[in-house]
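Residue-level structural notes
Read off the chains here:
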Amino acid sequence: MPRPKSQAAFERAQKVIPGGVNSPARAFGGVGGTPLFIARAEGPYLYDLDGHRYLDYIGSWGPMILGHCHPKVVAAVLEAVHNGSSYGAPCEKESELAELICSLMPSMEMVRMVSSGTEAAMSAVRLARGYTGRNLIVKFAGCYHGHVDALLVSAGSSALTLGVPSSPGVPAGCTQDTVVLRYNDCQALRDLFATRGNLIAGVMLEPFVGNMGLVSPSKEFLDELWKLTRRHGSLLIFDEVMTGFRLAPGGAQELLGIKPDVTVLGKIIGGGYPVGAYGGRAEVMKKIMPAGPVFQAGTLSGNPVAMAAGLATLKELRDNPPYAQLDQLSKRLCDGLTQFATARNIPHQINRIGSMWTLFFTGTPVVDLDTAKTSNTEKFSRFFWSMMDRGVYLPCSQFEAAFTSAAHTPEMIDTTLQAAREALNKL
Ligand SMILES: Cc1ncc(COP(=O)(O)O)c(C=O)c1O
Ligand SMILES: NCC(=O)CCC(=O)O
């Protein structure tokens, strides 16, 4: 399908923006070709510059759980805008959003707002170190916590898609206190804690991983994480930037019945505007300046317009929870995909939790980064473009989760399945 206006816009952008994009995840590096330039978005749809319409299964990589331009979010933002863009002084909306977050996620007694998931993850690492007086941070291969120096080792998402396991510009000193383990590997976790448990400030993980494609934790893995961090006084840090308010009103932690010490948030809490947050028990959070000695700050933190968008989004999710519907729609979609791929004898795995899902082109069950990497990414690329040409916008990498939104209807799922049947038949 020709997209001359996107092509021209990409060429223009490449002259003044590195790689033509402001975040590598958008560059289509994993599938080749030119990224679509978006003119506008509404409900479940994206519209590109060339006037094509696409059913959107990215939702800005997670935030748009209500679909684009939800009327209540738009109204809240418009009202806020007229009261000023930024004050550099506290406003009540910050407390209102903090109260709502803490009521929905009871592991959080206090929360600090920042402007991105990266900032939240970075600050959570500093807090864990400041609180425990220890340096070691444990992360898992394939998990992505934003572009935090200390966590940019064996990172997922575009760092994985584009084959950059760690980046130039991150000095060894920044990662020397980071230990990377295999996701779902209980023995590695036990071995590490047995030898260095008293040095570990915190263990950070995506409780369901979206950034190597969707991967779920085993019960044994979660039990072990809980037990070992309790025994050794290390903080258990859930990065719920993707899963927070996505899988349940109380996030993955509600679903799993675990109260992490610290939670990292982003995406949905900003309703499409730049917001991140981190929170936990008051006793831990009171270490943060000016309540305590651990420094962290931000000119635009708690921005009133972004707070309004986040509040409107979370209130809608609380008052009209879409989770059962999202689960049903996503199940219908994934069941159909499995059925078609099986009928065509295409080796595949579908991993799904609620409205997060990935179709992996591999015959091997995907439980960690190594098994995710057994996927046939060339097949994925052909499937991706075939779906795009049929008006379905999927994540542009095998190693990303797709998201269904509350604006999707059963009819749209069936349209998507019809496209998928044709695309798989042509693979
Ligand atoms: C789990 C997770 N943590 C952290 C981040 C970083 O968030 P941001 O892109 O807002 O910096 C992302 C996504 O980018 C993410 O998926
Ligand atoms: N899973 C990918 C992301 O969430 C990040 C999107 C971006 O950095 O643009």
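You'll find the chain entered in an unreviewed UniProt entry as Glutamate-1-semialdehyde 2,1-aminomutase, with Telmatocola sphagniphila given as the organism. Under the UniProt heading Catalytic activity (unreviewed entry), the note attached to the chain is "(S)-4-amino-5-oxopentanoate = 5-aminolevulinate".

On to the packing of helix H14 (residues 377-389) against helix H15 (residues 410-425). H15 packs onto H14 with a crossing angle of 135 degrees between their chain directions and a minimal axis gap of 9 Å. In terms of their interaxial angle, H14 and H15 are classed as oblique. The interaxial crossing formed by H14 with H15 has right-handed handedness. For the pair H14 and H15, the contacting residues are Phe 383, Ser 386 and Met 387 in the first and Ala 419, Ala 420 and Ala 423 in the second. Each residue belonging to the contact of H14 with H15 can be placed in one class, and the counts come to five nonpolar, one polar and no charged.

This part takes up unusual backbone geometry. A cis amide bond, omega 10 degrees, links Met 289 with the succeeding residue Pro 290. Structurally, the position occupied by Pro 290 is in the loop between helix H10 (282-285) and helix H11 (304-319). The phi dihedral of Phe 245 is positive, around 65 degrees, even though this residue is not glycine. Backbone geometry places Lys 267, a non-glycine residue, at a positive phi of 45 degrees. Turning to its location among the elements, Lys 267 is positioned in the loop between strand S9 (262-265) and strand S10 (276-280). For Lys 267, a count of 27 C-beta atoms within 10 Å gives the class buried.

Moving on, we come to the sheet that holds strand S1 (residues 38-42). Overall, mixed pairing links the four strands, which are arranged S1-S2-S3-S13 in an open sheet. Bordering the open sheet on either side are S1 and strand S13 (392-393), each of which pairs with just one other strand.

In this section: the confidence of the model for the chain. Atomic detail in the predicted coordinates should be set aside for any region of low pLDDT. Averaged over every residue, the pLDDT of the chain is 96; the share at 70 or more is 98%. Taken together, the chains of this predicted complex give a pTM of 0.97 and an interface ipTM of 0.99.

All right, on to the nonpolar core then. By size, the foremost hydrophobic cluster in this structure holds 125 residues, and its most contacted members are Ala 124, Val 125, Ala 128, Ile 237, Val 264, Ala 277 and Tyr 393. Inspection of this core shows a minimum of three residues originating in each of domain 1 (4-65 + 322-425) and domain 2 (71-319). If near-sequence neighbours (up to four positions away) are discounted, Ile 237 is found in contact with Ala 124, Ala 128, Gly 202, Val 203, Met 204, Pro 260, Asp 261, Val 262 and Val 264.

Position of Ser 405 relative to the elements: it lies in the loop between strand S14 (402-403) and H15. With 25 C-beta atoms packed within 10 Å, Ser 405 lands in the buried category. In this structure the C-alpha to C-alpha distance between Ser 405 and Gly 62, which are 343 residues apart in sequence, comes to 9.0 Å. Apart from residues no more than four positions distant in its own chain, Ser 405 is found in contact with Pro 44, Gly 59, Met 64, Ile 65, Leu 66 and Gly 67.

Conventions we followed
- Residues numbered from 1 in each chain as written.
- Chains lettered and ligands numbered in written order.
- Predicted model: local features only at pLDDT ≥ 70, side-chain atom pairs only at ≥ 80, totals over all residues.
- UniProt positions renumbered as here; feature names shortened; annotations may be inferred.
- Axes fitted to C-alpha atoms, helices over the stretch in contact; angles between N-to-C directions.
- Helix = DSSP H or I, 4+ residues; strand = E, 2+ residues; numbered from the N terminus.
- Parallel < 35°, antiparallel > 145°, perpendicular 65-115°, else oblique.
- Left-handed = near helix turned anticlockwise from the far one by under 90°.
- Contact = placed C-beta atoms within 7 Å.
- Nonpolar A, V, L, I, M, F, W, Y, C, P; charged D, E, K, R; others polar.
- Buried ≥ 20, exposed ≤ 12 C-beta atoms within 10 Å, placed from the backbone.
- Pairing = 2+ DSSP bridges.
- pLDDT = per-residue confidence, 0-100.
- Core = buried A, V, L, I, M, F, W, Y, C linked by C-beta atoms within 7 Å.
- Domains from an automatic or database assignment.

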